[in-house]
Amino acid sequence: MSPTIGVLALQGDVREHVAALRHEGATAVGVRRPSELDAVDALVVPGGESTTMDKLLRAFDLHEPVRERLRAGMPAYGSCAGMILLADRIIGGIDGQQTLGGVDITVRRNAFGRQVDSFETDLVIDGVEDSADDPVHAVFIRAPWVEDVGPAATVVGRVGEGAAAGRIVAVRQGPVLVTSFHPEVTGDTRVHRLFVQIVRDSL
Ligand SMILES: NC(=O)CC[C@H](N)C(=O)O
């Protein structure tokens, strides 16, 4: 049976995630209200602007319901701004920015700095099919990195080369996966394949 995966559709690159999830055999739907959240097996929090999504989550009465589902073990995947929202702790948030939490990490917003606002590199990600032989081409856009990982979370990807070598950019904690980069924009759907498998395993 194909799992139903929601994509938080308040702001950000929702359509790209919906397309990647459908390509990997999931039923993908936008989530804008609590009743829509109730109907999904899992949730993707897209890339975009985490400060805006944080405000909209509360304006749409979704902040607490999403937190509750996460606490109850709902699988989730966050890319870029989505990683920030799923992190337990944040450095460089503005205007009292809050996160949903779920992953025992500290993220630093806009960590890669101005000179490298956007960059691309190839990554090996644990759990992503064939990535040791055929790395994932990762696109970073004003991305966060993971400054600190607590005992509950596991690092699954680091930058391999260049100025940011060694920086943690992919983490998993049980059924929750977060990446600093945007796999939804490259046409390579292997990160979504991993997430769909995580969701299937949780059902
Ligand atoms: N591409 C992105 O999702 C950028 C994230 C953005 N810098 C933020 O803080 O939310």
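Just so it is clear, the model here is predicted, and its values are computed rather than measured.

Participant: Quick question: what am I supposed to make of the environment of valine 124 here?
Facilitator: By secondary structure assignment, the location of valine 124 is in the loop between strand 7 (118-123) and strand 8 (136-141). In sequence terms valine 124 and glycine 25 are 99 residues apart; their C-alpha atoms lie 23 Å from each other. Each residue touching valine 124, except ones within four places of it in the same chain, is listed here: Ser131, Ala132, Pro135 and Gly157.

Participant: Just checking my understanding: could you explain the site of the ligand for this structure?
Facilitator: Taken together, the residues surrounding the ligand are Gly47, Gly48, Glu49, Ser50, Cys80, Ala81, Ile84, Arg109, Asn110, Ile141 and Arg142. Its residues assigned to classes, the shell around the ligand shows 4 nonpolar, 4 polar and 3 charged.

Participant: Any chance you could explain helix 3 (residues 50-59) here in plain terms?
Facilitator: In an α-helix, one turn spans 3.6 residues; hence positions three or four apart end up facing the same way. Listing the buried residues of helix 3 in full gives Ser50, Met53, Asp54 and Leu57. The buried residues of helix 3 occupy an angular sector of 105 degrees when the element is viewed end-on, so they sit on one face. Check the buried side of helix 3 and you find it contacts helix 4 (63-71) and helix 5 (81-86). Within two residues after helix 3, aspartate 61 carries a phi angle of roughly 55 degrees, on the positive side.

Participant: What exactly am I supposed to notice about the UniProt feature "binding site: L-glutamine" (unreviewed entry) in the protein chain here?
Facilitator: With numbering aligned to this structure, UniProt lists the feature "binding site: L-glutamine" (unreviewed entry) at Gly48, Glu49, Ser50, Arg109, Ile141 and Arg142. Spanning 95 residues, the named residues form one tight spatial group whose C-alpha atoms are at most 12.8 Å apart. Those residues in contact with serine 50, other than ones at most four positions away along the chain, are Ala81, Ile84, Leu85, Gln97 and Arg109. With respect to the helices, strands and loops of the structure, arginine 142 is situated in the loop between strand 8 and strand 9 (145-149). Exposure remark for arginine 142: the 17 C-beta atoms within 10 Å place this residue in the partly exposed category. The contacts of arginine 142, once residues within four sequence positions are left out, are Asn110 and Asp117.

Participant: Is there a simple way to think about the pairing of strand 12 (residues 176-179) in this case?
Facilitator: Consecutive side chains along a regular strand alternate between the two faces of the sheet. Alternating positions in strand 12 separate into two faces, Val176 and Val178 on one and Leu177 and Thr179 on the other, with burial throughout. As defined by bridge partners, strand 4 (residues 76-79) adjoins strand 12 across 4 bridges and the pair is classed as parallel. When the sheet's bridge partners are listed, tyrosine 77 is paired in strand 12 with leucine 177. Pairing between strand 11 (residues 168-173) and strand 12: 4 bridges, direction antiparallel. Opposite alanine 170, over in strand 12, you have threonine 179 as the bridge partner.

Calculation rules
Residues numbered from 1 in each chain as written. Predicted model: local features only at pLDDT ≥ 70, side-chain atom pairs only at ≥ 80, totals over all residues. Helix = DSSP H or I, 4+ residues; strand = E, 2+ residues; numbered from the N terminus. Contact = placed C-beta atoms within 7 Å. Near = placed C-beta within 6 Å. Nonpolar A, V, L, I, M, F, W, Y, C, P; charged D, E, K, R; others polar. Buried ≥ 20, exposed ≤ 12 C-beta atoms within 10 Å, placed from the backbone. Arc of directions from axis to C-beta. UniProt positions renumbered as here; feature names shortened; annotations may be inferred. Pairing = 2+ DSSP bridges.

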